[in-house]
Amino acid sequence: GENRKQGLGGDLSCKQRFGSLRFHMEFRYPVERGKSGQGYGNSGLFFPPLPELQILNSYTTVGYYDEAGSMYRHLPAKVNAAGPPLAWQTYDVTIRFTGNGSALVTADLNGHRIHNEVEIQTDATDVGLMLQDHGNRVSFRNVKIRELESPSTADAS
């Protein structure tokens, strides 16, 4: 809130849409004394219309549906792979559209497989990309995205 009043921050989004893809990103959250829960190093990695992959300082917590690595309020991460504040961390995500009304999502957080081909029902055949500003000073770097062959393209070759 305060950052936005000063003209700072805001969500980062890409106008381009992507089919099946591989994504890599590094991020870090700050030390924020006196904060906890959703107010502590909070951001999100979005591939709309799929569920958010949560970025949150969940270092040493138990790993609930709204903590680091979760598909926010949809599915908790298999393991809590969140690193400590100020450490650069990585998200590696693969999204494959099946051509049958779903997408398969695989995600690694800091080298740990947290979601393995989770099937998300969707009529979409592409996604957007957005990094959320939740009011915490989360930093991003080395954001890379590469589209993959779609099932129909791969079958034709």
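Everything numeric in this text was worked out from a predicted model, so none of it was measured. (Residues numbered from 1 in each chain as written. Predicted model: local features only at pLDDT ≥ 70, side-chain atom pairs only at ≥ 80, totals over all residues. Heavy atoms only, no water.)

1. Remarks on the pattern of salt bridges
Right, on to step 1. Taken as a whole and assessed by the stated rule, the structure comprises three salt bridges.
Right, on to step 2. A salt bridge links Arg-17 to Asp-126, with the nearest nitrogen and oxygen atoms 3.1 Å apart. On the criterion of sequence distance, the pair formed by Arg-17 in strand β1 (residues 12–18) and Asp-126 in the loop between β7 (112–121) and β8 (127–131) is long-range, its members being 109 residues apart.
Right, on to step 3. Overall, Arg-17 belongs to the partly exposed group, its relative accessible area being 39%.
Right, on to step 4. Close ionic contact of Asp-108 with Arg-113 constitutes a salt bridge, the shortest N to O distance being 2.4 Å. (Salt bridge = Lys/Arg side-chain N within 4 Å of Asp/Glu carboxyl O. Helix = DSSP H or I, 4+ residues; strand = E, 2+ residues; numbered from the N terminus. Buried < 20%, exposed > 50% of the residue type's maximum accessible area, 1.4 Å probe, protein only.)

2. Thoughts on the sheet that holds β8
Right, on to step 1. Taken in spatial order, the four strands of this open sheet run β1-β8-β3-β4, and their pairing is antiparallel. Two strands bound the open sheet, and with one partner strand each, they are β1 and β4 (53–55). Mean inter-strand twist for the sheet, computed between neighbouring axes without regard to direction, equals 20 degrees.
Right, on to step 2. Bridge count for β1 against β8 is four bridges, and the pairing is antiparallel. The residue of β8 that forms the bridge with Leu-12 is Leu-131. (Pairing = 2+ DSSP bridges. Axes fitted to C-alpha atoms, helices over the stretch in contact; angles between N-to-C directions.)

3. Focus: the environment of Asn-100
Right, on to step 1. For Asn-100, the position within the fold is in the loop between β5 (89–97) and β6 (102–109).
Right, on to step 2. By relative accessible area, Asn-100 is classed as exposed at 67%.
Right, on to step 3. Along the primary structure Asn-100 and Gln-121 are separated by 21 residues, whereas in three dimensions their C-alpha atoms are 9.0 Å apart.

4. Let's talk about a nonpolar patch on the surface
Right, on to step 1. Together, Val-62, Tyr-64 and Tyr-65 give the surface a local cluster of nonpolar side chains, amounting to about 360 Å² of exposed area.
Right, on to step 2. Structurally, the position occupied by Val-62 is in the loop between β4 and β5. (Patch = residues over 30% accessible without salt bridge, like charges linked within 9 Å, V, L, I, M, F, W, Y side chains within 5 Å. Areas by Shrake-Rupley, 256 points an atom, 1.4 Å probe, with all protein chains shown as cover.)

5. Some details on the packing of aromatic side chains
Right, on to step 1. Considering all chains together, one arrives at three aromatic pairs under this definition.
Right, on to step 2. When the ring of Phe-23 is compared with that of Phe-47, the centres are 5.2 Å apart and the planes differ by 85 degrees; the resulting orientation is edge-to-face. Separated by 24 residues along the polypeptide, Phe-23 in strand β2 (residues 21–28) and Phe-47 in the loop between β3 (43–46) and β4 bring together distant segments of the chain.
Right, on to step 3. The exposure class of Phe-47 is buried, given its relative accessible area of 2%.
Right, on to step 4. Considering the side-chain rings of Phe-27 and Tyr-29, the 6.2 Å spacing of their centres and the 45 degrees angle between planes classify their relative orientation as tilted.
Right, on to step 5. Residue classification places Tyr-29 among the buried residues on the basis of a relative accessible area of 1%.
Right, on to step 6. Through pairs of rings, three or more aromatic residues link up here, namely Phe-27, Tyr-29 and Tyr-91.
Right, on to step 7. The ring of Trp-88 carries Arg-141 above its face, with NZ or CZ at 4.0 Å from the centroid. (Phe/Tyr/Trp six-rings, centres within 6.5 Å; stacked < 30°, edge-to-face > 60°. Lys NZ or Arg CZ within 6 Å of the ring centre and 35° of its normal.)

6. Overview of the nonpolar core
Looking at soluble globular proteins, one finds that nonpolar side chains tend to be buried together.
Right, on to step 1. Leu-45, Phe-47, Tyr-91, Val-93 and Ile-95 are the most contacted members of the largest nonpolar core, which has 31 residues in total.
Right, on to step 2. Those elements that place two or more of their residues in this core are β2, β4, β5, β6, β7 and β8.
Right, on to step 3. Among residues more than four places away in sequence, those in contact with Val-93 are Leu-21, Arg-22, Phe-23, Leu-45, Phe-47, Leu-53, Val-105, Thr-106 and Ala-107. (Core = buried A, V, L, I, M, F, W, Y, C linked by side-chain atoms within 4.5 Å. Contact = heavy atoms within 4.5 Å.)

7. Comments concerning the side chain of Ser-102
Right, on to step 1. Note on placement: Ser-102 falls in strand β6.
Right, on to step 2. Among the residues examined, Ser-102 registers a relative accessible area of 4% and is labelled buried.
Right, on to step 3. Beyond its immediate chain neighbours, meaning those up to four positions away, Ser-102 contacts Arg-96, Phe-97, Glu-119, Ile-120, Gln-121 and Thr-122.

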